[in-house]
Each structure stands twice: as structure tokens, then as C-alpha cells.
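Each chain is listed here by its residues.
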Amino acid sequence: MRSLCKKIQEKAVVLGDDLLKVDTFLNQQVDTALMEEMGKAFADHFRHENITKVVTIESSGIPPAYAAAVRLHVPMVFIKKNTPTTMVDPLHVQVYSFTKKKHYILCLERGLIKPGDRILFIDDFLANGEAFKAAESLIEKEGASIAGVGICIEKSFQAGRQYIKDKGYSFLPLASIKSLKNGQVLWEDD
Ligand code: 5GP
């Protein structure tokens, strides 16, 4: 998506060979017009997949996932990174955080995702696919299936992309980065 790539070129900061900082438009401050545009791109692409729910992981997946869910006229469910006392029957899965470099627990109230649901999973980044695999296991535990994977920024030189392709999921990355070496963003289609 041209506007997302332009935003990355102008505002993102390369913090290392595999890490991009996007706090000014996606990870802390949110560019709402860009979220609307990304939500539209996801919704248009997956419109014929009979999506019944959009699922993401808090917190940075929420704005694009919400924008897509509004357009698909389905609920959006976000998987939590802690277990509030209000949760009565939580499902848990352990995940390794790419940015925090440690394991943490993801949590989903049982019953929000139902058997037969066709899930569009959306997230801000795809790196090694650990967050996706954890969400996938929760979705499968609930008897639902993944009908599409929408990623705002994928780093195609990391392992997540291959995992998603190998599983045969319908996959839409809006920006595909093939390298962050030497402080430079190189695009998959360069
Ligand atoms: P994965 O589980 O695919 O290894 O990593 C995906 C998660 O790690 C994303 O949800 C995102 O929060 C975070 N992440 C991965 N790579 C980056 C990156 O380059 N920059 C930022 N800001 N977050 C990242």
C-alpha cells in the first residue's frame, strides 16, 4: 500500500537489522486516516471470504483490526496480554515477544470465538510469526478457522511469512520489507 510505504519511508526509524520503530503512526501515536485506509484495504481484499470475526492482539493490532471489522460489518476480538479478574473462563497460551525478548501469556475469554467462525487475523507486524502461531492455537482451540491473515508491515526476511505460506492461508501484507540492513528500508518489490 503506497501510503503506508511512504509513511514508513518518512517517519519510521530503523533501530537495527530487524527492528523498525513506528511509534509516530502505528505503535503509540496512531494516524487515524492511515488506519482507515488500511482497514479498507483489508476489508476489500477479504470481502468474499465470509469473515465472521476479525481477531487481533492488543494493543497495536487494534486500530487496523477495528477499521477492517467496521467495513466487514463483523465484531472485532482482541486477545489480551494479561488476565483481568473479570474474565471467568480464560484460555491461555504462552508466546515469545519479539520486541520485549521474553515470554508472556496471551489470554482469551472462552466463547467469544465460536466453532465455525471464519477469522480474519490482523496485526501490526509479522516477524517470526510467534504472535500469529499463539493466536492460531487459541482460534483452533475454539473450533474456528483462519480465513485470512492481514498484516500491516511484514519483514519478509524473517520466518513468519514462510510459516503462513506453508499453512496455505490467504495472506495480505500491506508493506513488505525485505531488508533493514545499514539503516535502509528495502522493499520486497524493489
Ligand atoms: P512475531 O511474533 O511475528 O515474531 O512478532 C510480531 C509482533 O512483534 C508484532 O505484533 C509486533 O508487536 C512486534 N514486532 C515485530 N517486529 C517488530 C518491529 O520491527 N517493530 C515493532 N515496533 N514491533 C515489532
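Residues numbered from 1 in each chain as written. Predicted model: local features only at pLDDT ≥ 70, side-chain atom pairs only at ≥ 80, totals over all residues. Heavy atoms only, no water.

Draft legend 1. Representation of unusual backbone geometry within the structure. Residue E58 is joined to S59 through a cis peptide bond whose omega torsion reads 0 degrees. Phi angles above zero are rare outside glycine, and H73 is one such case at about 60 degrees. Looking at the secondary structure, you find H73 in the loop between helix 4 (62-72) and strand 4 (76-79). Located in the positive-phi region is K101, a residue other than glycine, with phi close to 55 degrees. Inspection of the secondary structure assignment puts K101 in the loop between strand 5 (90-97) and strand 6 (102-109). (Helix = DSSP H or I, 4+ residues; strand = E, 2+ residues; numbered from the N terminus.)

Draft legend 2. Representation of the pairing of strand 6. Relative to strand 6, strand 5 runs antiparallel, the two sharing eight bridges. Looking at strand 6, one finds that L91 is bridged to L108. Counting the residues in the hairpin turn of strand 5 and strand 6 gives four residues, including K101, whose phi is positive at 55 degrees. (Pairing = 2+ DSSP bridges.)

Draft legend 3. Up close: the pattern of salt bridges. Tallying each qualifying case throughout the model produces 12 salt bridges. Between K7 and D31 there is a salt bridge, and its shortest N-O distance comes to 2.8 Å. Of this pair, K7 sits in helix 1 (residues 2-11) while D31 is found in the loop between helix 2 (23-27) and helix 3 (32-46), placing the two residues 24 residues apart along the sequence. Per residue, the accessibility class of K7 equals that of D31, and both read buried. Across the pair K21 and D23 runs a salt bridge, and its minimum N-O distance is 3.4 Å. Overall, D23 belongs to the partly exposed group, its relative accessible area being 26%. (Salt bridge = Lys/Arg side-chain N within 4 Å of Asp/Glu carboxyl O. Buried < 20%, exposed > 50% of the residue type's maximum accessible area, 1.4 Å probe, protein only.)

Draft legend 4. Fine view of the packing of helix 3 against helix 4. The interhelical angle for the contact between helix 3 and helix 4, taken along N-to-C directions, is 55 degrees, at an axis separation of 7 Å. Put simply, helix 3 runs oblique to helix 4. Along this stretch, helix 3 crosses helix 4, giving a crossing that reads as right-handed. Contacts from M35, E36, M38, G39, K40, F42 and A43 of helix 3 reach helix 4 at P63, P64, A67, A68, R71 and L72. In terms of residue class, the contact of helix 3 with helix 4 is made up of nine nonpolar, one polar and three charged. (Axes fitted to C-alpha atoms, helices over the stretch in contact; angles between N-to-C directions. Parallel < 35°, antiparallel > 145°, perpendicular 65-115°, else oblique. Left-handed = near helix turned anticlockwise from the far one by under 90°. Contact = heavy atoms within 4.5 Å. Nonpolar A, V, L, I, M, F, W, Y, C, P; charged D, E, K, R; others polar.)

Draft legend 5. Fine view of the sheet that holds strand 10 (residues 186-187). Spatially, the six strands line up as an open sheet ordered 4-3-7-8-9-10, and their pairing is mixed. One side of each edge strand has no neighbouring strand; the edge strands of this open sheet are strand 4 and strand 10. Bridge count for strand 3 (residues 53-57) against strand 7 (residues 118-126) is three bridges, and the pairing is parallel. Counted as the bridge partner of K53 is I119 from strand 7. Contacts from helix 4 reach strand 3, strand 4, strand 7 and strand 8 (145-155) within the one sheet, and its direction differs from that of strand 3 by about 175 degrees.

Draft legend 6. Inspection of the packing of aromatic side chains at higher detail. Evaluation of the coordinates by the stated rule reveals three aromatic pairs. Measuring from centroid to centroid gives 5.4 Å for F121 and F132, while their planes differ by 70 degrees, and the two rings are edge-to-face. Of this pair, F121 sits in strand 7 while F132 sits in helix 5 (residues 130-141), placing them 11 residues apart in sequence. Considering the side-chain rings of F132 and Y163, the 6.2 Å spacing of their centres and the 65 degrees angle between planes classify their relative orientation as edge-to-face. Taken together, the positions of F132 in helix 5 and Y163 in helix 6 (residues 160-166) put the pair 31 residues apart, joining distant regions of the chain. Judged by its relative accessible area of 3%, F132 is buried. (Phe/Tyr/Trp six-rings, centres within 6.5 Å; stacked < 30°, edge-to-face > 60°.)

Draft legend 7. Spatial organisation of the site of the ligand. Neighbouring the ligand are 16 residues, the closest being L20, N27, G129, A131 and K155. Contacts to the ligand include D123, whose side-chain N or O atom sits 3.0 Å from an oxygen atom. At 2.7 Å, a backbone N or O of A131 approaches an oxygen atom of the ligand. Surface burial for the ligand is 89%, taken as the share of its 500 Å² of free accessible area covered by protein chains. Where the shell around the ligand is concerned, the elements lending two or more residues are strand 2 (19-21), strand 7 and helix 5. When residues of the shell around the ligand are assigned to their parent elements, the largest contribution, four residues, is made by strand 7. A breakdown of the residues in the shell around the ligand according to their chemical character gives seven nonpolar, four polar and five charged. (Near = heavy atom within 4 Å. Polar contact = N/O pair within 3.5 Å; in protein donor to acceptor, adjacent residues only side chain to side chain. Areas by Shrake-Rupley, 256 points an atom, 1.4 Å probe, with all protein chains shown as cover.)

Honestly, that's just the spatial picture; any functional story needs more than this.
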